[in-house]
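Coordinate analysis (summary)
Take a look at the letters that make up each chain.
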Amino acid sequence: MSLLQKLGVSAENLAPEITGKYIGKPISRVDGRAKVTGNAKYAAEFNIGTGILYGYVISSPIAKGKITAVNARQALSQKGVLNVFTHENVPGLAWFDRSYQDQDAPPGGSPFRPLQSDEILFSQQPIALVIAETFELARYASTLVHFEYEVKEELNVGLELNLYKAKKPKKHRFPVPKPRGDAEKALAGSVVKIEEAYYHGYEHHNPMEMFASTVIYGDDDRLTIYDKTQGVLNSQSYVKSVFGLSEDEARVISPFMGGGFGAGLRPQYQLYMAVLASLELKRSVKVVLTRQQMFSFGHRPATLQKISLGASAEGKLQAVINRCYSETSTFEEYTENVVNWSGQMYQCDNVMLDHKLVPLDLFTPLDMRAPGGVTGMYALEVAIDELAVKAGIDPLEFRLLNYAEKDQNLDKPFSSKELRECYRQGAERFGWNKRNPEAGATLEGNNLVGWGVATGCWEANQMPSRAKAMLSADGKLTVSSATADIGTGTYTVMTQVAAETLGVAMEDVLFKLGDSVLPMSPLQGGSWTMATVGSAVKLVCDQLKAKLFKMAKKVENSPFGNSKEEDVVFADRCISLKEDAQQYLTFTEIMRKSKVNYIEEDTTSLPNMLEQNEYSRFTHSAVFVEVKVDQDLGTVHVSRVVNAVAAGRIINTKTSRSQVLGGIVWGISMALHEDTVMDDNFGRFMNTNLAEYHVPVNADINDIDVIFVEEHDDIVNPLGVKGLGEIGIVGVAAAISNAVYHATGKRVRDLPIQLDKLL
Amino acid sequence: MINPREYIEPGSSWPLGHAVPDQPATHTVKLNINGQDVHLKIEPWVSLLDALREYIGLTGTKKGCDHGQCGACTVLVDGKRINSCLTLAVMKQGCEITTIEGLAKGDELHPMQEAFVEHDAYQCGYCTPGQICSAIGLINEGIANTRDEISELMSGNICRCGAYPHILDAIEQVKGVAGHE
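Quick notes on the rules
- The residue numbering used here restarts from 1 in each chain and proceeds along that chain's sequence as written.
- Starting at A for chains and at 1 for ligands, labels are handed out in the order in which the entities are written.
- Where local features are concerned, this predicted model is filtered to residues with pLDDT of at least 70; where side-chain atom pairs are given and counted, the filter is 80 or more; whole-chain, interface and lining totals use all residues.
- As a rule here, side-chain values come from all non-hydrogen atoms in the structure, and water together with hydrogens is ignored.
- Numbering of helices and strands starts at the N terminus; helices are DSSP runs of H or I of at least 4 residues and strands are runs of E of at least 2.
- Only C-alpha atoms enter the radius of gyration; for comparison, a globular chain is expected to reach 2.2 Å times N to the power 0.38, where N is the number of residues.
- The classification of residues rests on relative accessible area computed with a 1.4 Å probe and restricted to protein chains. Under 20% of the type maximum is buried, over 50% is exposed, and intermediate values are partly exposed.
- Contacts: residue pairs with any heavy atoms within 4.5 Å of one another.
- Each accessible area is a Shrake-Rupley estimate made with a 1.4 Å probe; only the visible protein chains count as cover when residues are assessed.
- Positive: Lys, Arg. Negative: Asp, Glu. His and the chain ends are not part of the count.
- In this description, the location of a charge corresponds to atom NZ of lysine, CZ of arginine, CG of aspartate or CD of glutamate.
- Only buried residues count toward a nonpolar core, which is a set of Ala, Val, Leu, Ile, Met, Phe, Trp, Tyr and Cys residues joined through side-chain atoms within 4.5 Å.
- As a working definition, buried area equals the accessible area (1.4 Å probe) given up by two parts on being put together, with both sides summed.
- By definition here, a salt bridge exists when the distance from a side-chain nitrogen of Lys or Arg to a carboxyl oxygen of Asp or Glu is within 4 Å.
- Under the rule applied, a polar contact is a pair of N or O atoms within 3.5 Å (in protein, one hydrogen donor and one hydrogen acceptor; residues adjacent in sequence only if both atoms are side-chain atoms).
- By the convention adopted, Pro, Cys, Tyr, Trp, Phe, Met, Ile, Leu, Val and Ala count as nonpolar, Lys, Arg, Asp and Glu as charged, and the other residues, Gly among them, as polar.
- Note that the domain bounds reflect an automated or database-derived domain assignment.
- For patch detection, residues must exceed 30% relative accessible area and be free of salt bridges, and they are connected within 9 Å for like charges or within 5 Å for nonpolar side chains (Val, Leu, Ile, Met, Phe, Trp, Tyr).
- For a helix, the expected span equals 1.5 Å multiplied by the residue count minus one.
- To obtain each axis, a line is fitted to C-alpha atoms, and for helices this fit is confined to the stretch in contact; angles are then taken between N-to-C directions over 0 to 180 degrees.
- Angles below 35 degrees are treated as roughly parallel, those above 145 as roughly antiparallel, those between 65 and 115 as roughly perpendicular, and all remaining angles as oblique.
- A crossing counts as left-handed when the near helix is turned anticlockwise from the far one by less than a right angle, and as right-handed when that turn is clockwise.

Glancing now at the overall build of chain A. Helix and strand counts for chain A stand at 17 helices and 31 strands. Its C-alpha radius of gyration of 27 Å places chain A within 12% of the 27 Å reference for a compact globule of 759 residues. Counting over 759 residues, chain A shows a buried share of 67%. Intrachain contacts of chain A at a sequence separation of at least 6 include 81% that bridge at least 24 residues. As displayed, chain A offers around 26600 Å² of accessible surface, 49% of which is attributable to carbon and sulfur atoms. With 78 positive and 92 negative side-chain charges, chain A shows a separation of 3 Å between the mean positions of the two kinds.

Right, here's the structure in full:
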């Protein structure tokens, strides 16, 4: 309770408008110079030339069965090959499943344990690690290790082939709401209805940087681990519990990450492998996965949604049913929030939602940018479009007609929801009122032109986090928290918040992250970092201010004898009286006169759950898309996108625009490109490389316009921010699907929309 | 390189495996990188990318696929942009190799580096050195004049964060200034 009260104080301290010298400005990244000069160091780039050993992972060529024999003799006979680790020579490690469960592990499962069993559970399972003095040698020696297998013929892959095995998960991370009203009956009584199935297949994150861990074996037998991760503390606790190490024996560092998108929310197996080899050999070891191996772990699960919608003749939504089937592995139950959006986005009194899992012989799926949200909103927003078409109502008007004023899933008001304004501003910028209501009727040269709209939505969460701040007598401020910057701009925005709060220049602030010795912070994911770490940074700087002001009042001849904190201004490294700016003390004077060299605060910021739980807290967006479809070839080009986003306060308009822009590119990718193709006979993905696993290249991306709609929210967190990591992607695939329908009159209900589906 | 394991029949061996001699076959290779001569003792099959990253410690050049499919490893060789993962180091003796580390003059960034910072033409920064080298190579080629042409000819460099429009803004700015000189 005391901590909650503390937080209450911090919320009070925050002026309703954070006046911005830095906040809300288009500020270039503080780490930009490091990134454009090649000085930013990623996980595989430390301690080069220090005799570090190279590990090369061997992946299983079969999807299911047993390893019956291993022969590493030829590999080991190579001069410079130190060891080949397989299940036959890996030492006994932690016994219980919970030791392998990281912060993002599905509850109650048995996480995969590399090299601990002869059993093959999925294709490309890591089955050996070759350690050699050079990368070339390790890679070559990996070709000399011989395995024999017993292949299990009965293989369960392919979601639709295995639907009959669908079951309810033991524990859903996002409980599916109980039915409300009578959806079946309401559907039967609806004048306008649709019943369709929507599908997307497997997708892999494929950040540009491949997973890598560099483990430095110290003279004191301690490990310093440079890991590609979205949470150094998650990697550290995994290594600690699996290998029985203490906090001091395993420090994890990750100053830069070459893209995550969710892939780094769980420790990947190269971390386990590198630590294992380092401990066994008492040497420093580096393990980098290959691009092919980037397809060997978690992915966005293939998901099928059977949706029925019913509306009155006037277009009022009367029934929503969504029955969802998504895949999981045989050893963990991965769940995500796919169906809840169907009960939340539109006003409807009769809703039935269901989500079942189908266990397949694949690795466990893993959160991938807007997990569940992009999937659920894709299907719902295409279904709504279909219903609008059937009702003969403009799809934007249809959405406004069924606008949800409150969250019926939770029966709570929204903390803020400027979605109507998103629709309005987006439509205006896009020119929606000029839309031809008829589908397949607009021709431009040889291209059919179509316009589509869809809604986006994502959670606005805040998590507990700690932060530390130190102000030295020379006016330099160091703030730290063990969070990450996976490209989202954490370094920059936290520097802005700290500088703004304390009244120092950004150049005088150093924000440190990505080190397990720093104060606790949750995984970077779920769009919550700004809200979570930002609030902690704000709080700790506020506490530093209070401390400094207290000191300033005690200084001899202090101009602030009787003043309160609200009577003074912190700016330009000075405290001055609001009434009389000539009455001031510099930070340096205060500390010199108080005979201290620095002051320090360390604090925990907790979400004000009592207040937050009264509300439903979400980010919203309206996406407008124009596509051009070649009528002979069926090729689709997204020629224009306008995405209007209401995400609370925007801290940095430059990096925020990049985040939403990137999200839109991901949406285009999901709609038109991305698809990991499974060979159902062998249970293996067939296109495990960047030439055949298509993601957009520069020429695939055209005109993209991002609008930030003004939104005030003092419930979500003390900063009033809602996060931007996911919202940009949500809704884009649906808007494109709807635009393709409008262009061609053909409704494609499985992604990606490739040309064969339009011919 | 394709992972040979994926093509091995159980019990058999990868045919190329035996074509490689057991004993190391190191050569002394002399490379000119960012204006400096570097002498390396490496095997002839070490790629230029791995030579830069693992033997010289110039890790600014990135490995994104090791297959010539992503462009993250782009460097300039005699002013031309190439994928350093598809080139053996030994083949580039006597050439002028420029990496991302060789673009700034002391504290002064190359205009393309400045433009990338100004336009936020990145997020995670991993593809950025390749994008910048590729963009400089593109300007050297002198054949891309419109935004569409730049976009087409920058399509060998994947940016998974999706910064493409900002990358074009940055290149257009540098090209524009260069064109007026």
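Before going further, it helps to examine the environment of Leu510(A). Residue and element names in this part refer to chain A. Note on placement: Leu 510 falls in strand 21 (residues 509-512). Placed 16 residues apart in sequence, Leu 510 and Met 494 show a C-alpha to C-alpha distance of 9.3 Å. Setting aside residues no more than four positions away along its own chain, Leu 510 makes contact with Leu 477, Thr 478 and Val 479.

All names here are of chain A. Among the nonpolar cores identified, the biggest contains 186 residues, and Leu 477, Val 537, Ile 575, Val 627 and Ile 736 are the most heavily contacted of them. Looking at this core, the element that brings in the most residues is helix 13 (residues 529-554), giving twelve residues. Ignoring any residue separated from it by four or fewer positions in sequence, one finds Ile 736 in contact with Val 625, Val 627, Val 638, Gly 667, Ile 668, Ala 671 and Leu 672. By size, the runner-up hydrophobic cluster in this structure holds 44 residues, among which are Val 90, Tyr 100, Phe 122 and Ala 250.

Counting residues at the interface gives 66 residues for chain B, matched by 77 residues for chain A. For the pair chain B and chain A, the summed buried area comes to about 5900 Å², and 53% of that belongs to carbon and sulfur atoms. The salt bridge involving Lys62(B) is made with Glu45(A); its shortest N-O contact spans 2.9 Å. Taken together, the links from chain B to chain A amount to 30 residue pairs in polar contact (both at pLDDT 80 or more). Sorting elements by how many residues they give to the side of chain B that touches chain A places helix 5 (residues 164-180) of chain B first, with five residues. Its residues placed into classes, the side of chain B that touches chain A shows 28 nonpolar, 21 polar and 17 charged.

We now examine helix 4 (residues 135-142) of chain A. Of all eight residues in helix 4 of chain A, eight are buried; the element is thus mostly enclosed. All of the buried residues in helix 4 of chain A are Phe135(A), Glu136(A), Leu137(A), Ala138(A), Arg139(A), Tyr140(A), Ala141(A) and Ser142(A). In the core, the buried residues of helix 4 of chain A are packed alongside strand 1 (53-59), helix 3 (73-76), strand 3 (81-85) and strand 5 (126-132) of chain A together with helix 1 (48-56) of chain B.

Our focus in this paragraph is the domain arrangement of chain B. Residue and element names in this part refer to chain B. Segmenting chain B into domains produces domain 1 (24-102) and domain 2 (111-180). Using only C-alpha atoms to locate each centre, domain 1 and domain 2 end up separated by 22 Å. Between domain 1 and domain 2, the contact holds 16 residues from the first and 17 residues from the second. Across the domain 1 to domain 2 interface the summed buried area is about 1200 Å²; carbon plus sulfur atoms make up 54%. The tally of links between domain 1 and domain 2 comes to eight residue pairs in polar contact (both at pLDDT 80 or more). Its residues assigned to classes, the side of domain 1 that touches domain 2 shows five nonpolar, seven polar and four charged.

Here we come to a nonpolar patch on the surface. Taken together, the side chains of Trp45(B), Leu88(B) and Met91(B) define a hydrophobic patch exposed on the protein surface, amounting to about 270 Å² of accessible area. Along the chain, Trp45(B) falls in the loop between strand 2 (36-42) and helix 1.

Turning our eyes to something else, we now look at helix 13 of chain A. Taking 1.5 Å of rise per residue, the 26 residues of helix 13 of chain A would be expected to cover 38 Å, and the 37 Å separating its terminal C-alpha atoms lies within 8% of that figure. In terms of burial, helix 13 of chain A is largely enclosed, as 21 of its 26 residues are buried.

On to the packing of helix 16 (residues 653-672) of chain A against helix 17 (residues 732-744) of chain A. Residues and elements named next belong to chain A. Running from N to C, helix 16 and helix 17 cross one another at 50 degrees; their axes reach a closest spacing of 8 Å. Relative to helix 17, the element helix 16 lies oblique. With respect to the hand of their crossing, helix 16 and helix 17 are arranged in right-handed fashion. The segment helix 16 lies against helix 17, with Ile 664, Gly 667, Ile 668, Met 670, Ala 671 and Leu 672 engaging Val 732, Ala 733 and Ile 736. By residue class, the composition of the contact of helix 16 with helix 17 is eight nonpolar, one polar and no charged.

Once that is clear, we can look at the packing of helix 9 (residues 373-391) of chain A against helix 17 of chain A. All names here are of chain A. Two elements in contact, helix 9 and helix 17, have axes separated by 8 Å at closest approach and are oriented at 30 degrees. With respect to their mutual orientation, helix 9 and helix 17 come out roughly parallel. Crossing hand, helix 9 versus helix 17: right-handed. Each of Met 377, Tyr 378, Glu 381, Val 382, Asp 385 and Val 389 in helix 9 lies in contact with helix 17, whose residues at this interface are Ala 733, Ala 734, Ser 737, Asn 738 and Tyr 741. Looking at the contact of helix 9 with helix 17 residue by residue, the class counts come to seven nonpolar, two polar and two charged.

This part covers unusual backbone geometry. Residue and element names in this part refer to chain A. Cis geometry is adopted by the peptide bond preceding Pro 752, which originates at Leu 751 and carries an omega value of -5 degrees. Tracing the backbone through its elements, the reader meets Pro 752 in the segment after strand 31 (750-751). You will see that Asp 572, though not glycine, has its phi angle at about 50 degrees, which is positive. Within the secondary structure, Asp 572 is located in the loop between strand 22 (568-571) and strand 23 (574-577). The phi dihedral of Lys 595 is positive, around 60 degrees, even though this residue is not glycine. Along the chain, the position of Lys 595 falls in the loop between helix 14 (587-593) and strand 25 (598-605).

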